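# Structural features, examined
As a plain string of letters, each chain reads:
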Amino acid sequence: MKALITGITGQDGYFLAKLLLSKNYEVYGIARRKSNMSLGTLDCDETLKRSVNILWGDVLDNPFIESTIKQVKPDEVYHLAAQSFVGYSFENPEVTYDVNIKGTLHVLNSIKDYSKSTRLYNATTSEMFGKPQVTPQNEKTPFFPRSPYAISKLAAYWTVADYREAYGMFAVNGILFNHESEVRGPEFVTKKISLGVAKIYHGSHDPIVLGNLDAKKDWGYARDYVEAMWMMLQQDKPDDYVIGTGEQHTVREFVEEAFKVIGMTIRWKGEGVNEVGVSEDGRVLVKVDLRLFRPLESDNYMADYTKARIKLGWEPAVKFKELVKIMVEHDIKNLSQNHCFKRY
Ligand code: NDP
Ligand code: GDP
């Protein structure tokens, strides 16, 4: 079997490439040139890097996507490439719309025109629920997007659904809730916290500076979530699935749990932007900065993944506490060994 992954240099690309190689797939990945030829998350795993076929290009380049699909004729395409950071999407909506909508359209059209039997996984997100009207959220929950990122992903979601119906394509949308890991980008809150705690463990006196501590999310482990992506493409019929853990936690709880991993207890003092998290001996470990709040918040997330459990047989193996432990312990080790993950 041949698989093509767009966004292979990101978090999910890393875990998905590993998973597919373990299943003996021939793996192709699209990577774009930045100011150098770095391969993001793949750069720290020489074996993985050597095992995938890298095609240099951009999902915004339609002729490149067309020729890639024509040439590779993959059995499966995992379309992960995106401007994936919600915060950045408020500052740069246009690039977010371009990459996330046009990029998806290029992939869909190329499959439709040149490789109709290719199965497509499209990466969508719980952010499409935005301000959820009900909790927990499942495939029937109304969408209410609250950021340029969420709007772009919703457009991509409907485009995939339309192509599936109009042209009989095997194309699915994974509605994935937040998932994190050792190789999560450093701009995301979980990584900011795990890395900040690891630095404090190693003697740093810098507090971790955060925005909204009360945002409620459903955080899972990326390695579990890429399995769900693969499972979606092994079904008899294409369909959309919600993937999450069914647990809800706040950013505040993530902070508390992360400090517990290094044996520290956080106490909260003050309110709003003056709130701080202090250690038992009164040291300020966490601060709040108004600039890190978003113009609109999307939260109160909790996945109802019943459909995935029943139809795919999928369950998350790692839940909140273990996820926090994995991330903090990894960062402690990584910092001390000066390991090479360049995303820090
Ligand atoms: P990352 O941000 O880690 O990875 C995004 C990938 O897309 C990177 O490889 C990036 O390349 C690539 N990319 C961005 N723009 C382009 C472009 N124009 N052409 C080609 N490649 C491009 O995201 P994740 O791995 O965390 O997420 C994977 C997908 O799942 C994304 O679509 C994301 O929106 C979605 N998603 C993620 C969730 C999560 O919690 N992680 C939750 C729900 C959905 P480069 O390295 O060059 O920047
Ligand atoms: P997102 O759900 O894809 O936006 O993932 P993030 O990790 O970026 O954000 C998760 C939640 O954490 C959001 O509700 C943010 O408002 C909140 N948050 C609080 N402080 C921070 C911070 O310093 N950085 C980020 N990225 N998010 C923060």
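Just so we're clear, the structure is a prediction, and the values are computed from it rather than from any experiment. (Residues numbered from 1 in each chain as written. Chains lettered and ligands numbered in written order. Predicted model: local features only at pLDDT ≥ 70, side-chain atom pairs only at ≥ 80, totals over all residues. Heavy atoms only, no water.)

Near ligand 1 there are 25 residues, and of these Thr 9, Asp 58, Ser 84, Tyr 149 and Lys 153 occur at the shortest range. Note that an oxygen atom of ligand 1 is positioned 2.8 Å from one of the side-chain N or O atoms of Lys 34. A distance of 2.8 Å separates an oxygen atom of ligand 1 from a polar backbone atom of His 179. Looking at the shell around ligand 1, the elements with two or more residues in it are helix H1 (11–22), strand E5 (119–125) and helix H6 (148–167). Split by residue class, the shell around ligand 1 holds nine nonpolar, nine polar and seven charged. (Near = heavy atom within 4 Å. Polar contact = N/O pair within 3.5 Å; in protein donor to acceptor, adjacent residues only side chain to side chain. Helix = DSSP H or I, 4+ residues; strand = E, 2+ residues; numbered from the N terminus. Nonpolar A, V, L, I, M, F, W, Y, C, P; charged D, E, K, R; others polar.)

So, about the packing of helix H7 (residues 189–201) against helix H9 (residues 251–261). Remark: H7 packs on H9, axes separated minimally by 10 Å, with the N-to-C direction vectors making an angle of 30 degrees. By the angle between their directions, the pair H7 and H9 is classed as roughly parallel. Relative to H9, H7 is oriented so that their crossing is right-handed. Contact with H7, carried on its side by Val 189, Thr 190, Ile 193, Val 197 and Ile 200, involves Val 251, Phe 254, Val 255, Ala 258 and Phe 259 of H9 and no other residues of that element. (Axes fitted to C-alpha atoms, helices over the stretch in contact; angles between N-to-C directions. Parallel < 35°, antiparallel > 145°, perpendicular 65-115°, else oblique. Left-handed = near helix turned anticlockwise from the far one by under 90°. Contact = heavy atoms within 4.5 Å.)

This next bit is on the site of ligand 2. Around ligand 2, 18 residues are found, and the nearest of them are Val 189, Lys 192, Gly 211, Arg 294 and Glu 297. At 2.7 Å from an oxygen atom of ligand 2 is found a side-chain nitrogen or oxygen belonging to Lys 192. Glu 297 has a polar side-chain atom sitting 2.7 Å from an oxygen atom of ligand 2. Starting from 530 Å² of accessible surface for ligand 2 in isolation, the protein chains cover 97%. Taken together, the elements giving at least two residues each to the shell around ligand 2 come down to H7 and strand E8 (208–210). Here the shell around ligand 2 is built from residues that sort into nine nonpolar, three polar and six charged. When residues of the shell around ligand 2 are assigned to domains, at least three fall in each of domain 1 (2–181 + 219–248 + 298–319) and domain 2 (189–214 + 250–297 + 325–343). (Areas by Shrake-Rupley, 256 points an atom, 1.4 Å probe, with all protein chains shown as cover. Domains from an automatic or database assignment.)

Looking now at the sheet that holds strand E13 (residues 267–269). Taken together, the four strands give an open sheet; going across it, the order is E8-E15-E14-E13, and neighbouring strands pair in mixed fashion. Of all strands in the sheet, those bounded by a partner on one side alone are E8 and E13. The average undirected angle you get between the axes of adjacent strands in this sheet is 25 degrees. Packed on one face of the sheet, H7 meets E8 and strand E15 (284–288) and runs near 160 degrees to E8. (Pairing = 2+ DSSP bridges.)

Let us look at the layout of surface pockets. For the second largest pocket, the calculated volume is near 150 Å³. Going through the elements one at a time, H7 and E8 are the ones with two or more residues in the lining of the second largest pocket. It is H7 that provides the largest number of residues to the lining of the second largest pocket, a total of five residues. Looking at side-chain class alone, the lining of the second largest pocket contains six nonpolar, two polar and three charged residues. (1 Å grid on protein atoms, 1.4 Å probe; cavity = no way out; pocket = protein on both sides within 12 Å on 5 of 7 lines; lining within 4 Å. Points joined across faces, edges and corners; volume = space filled by probe spheres on them.)

What follows deals with the pairing of strand E6 (residues 171–176). The buried fraction of E6 is high, at six of six residues. Burial along E6 is two-sided: Ala 171, Asn 173 and Ile 175 and Val 172, Gly 174 and Leu 176, pointing in opposite directions, are all buried. Bridge count for E5 against E6 is six bridges, and the pairing is parallel. The residue bridging Leu 120 from the neighbouring strand is Ala 171, located in E6. (Buried < 20%, exposed > 50% of the residue type's maximum accessible area, 1.4 Å probe, protein only.)

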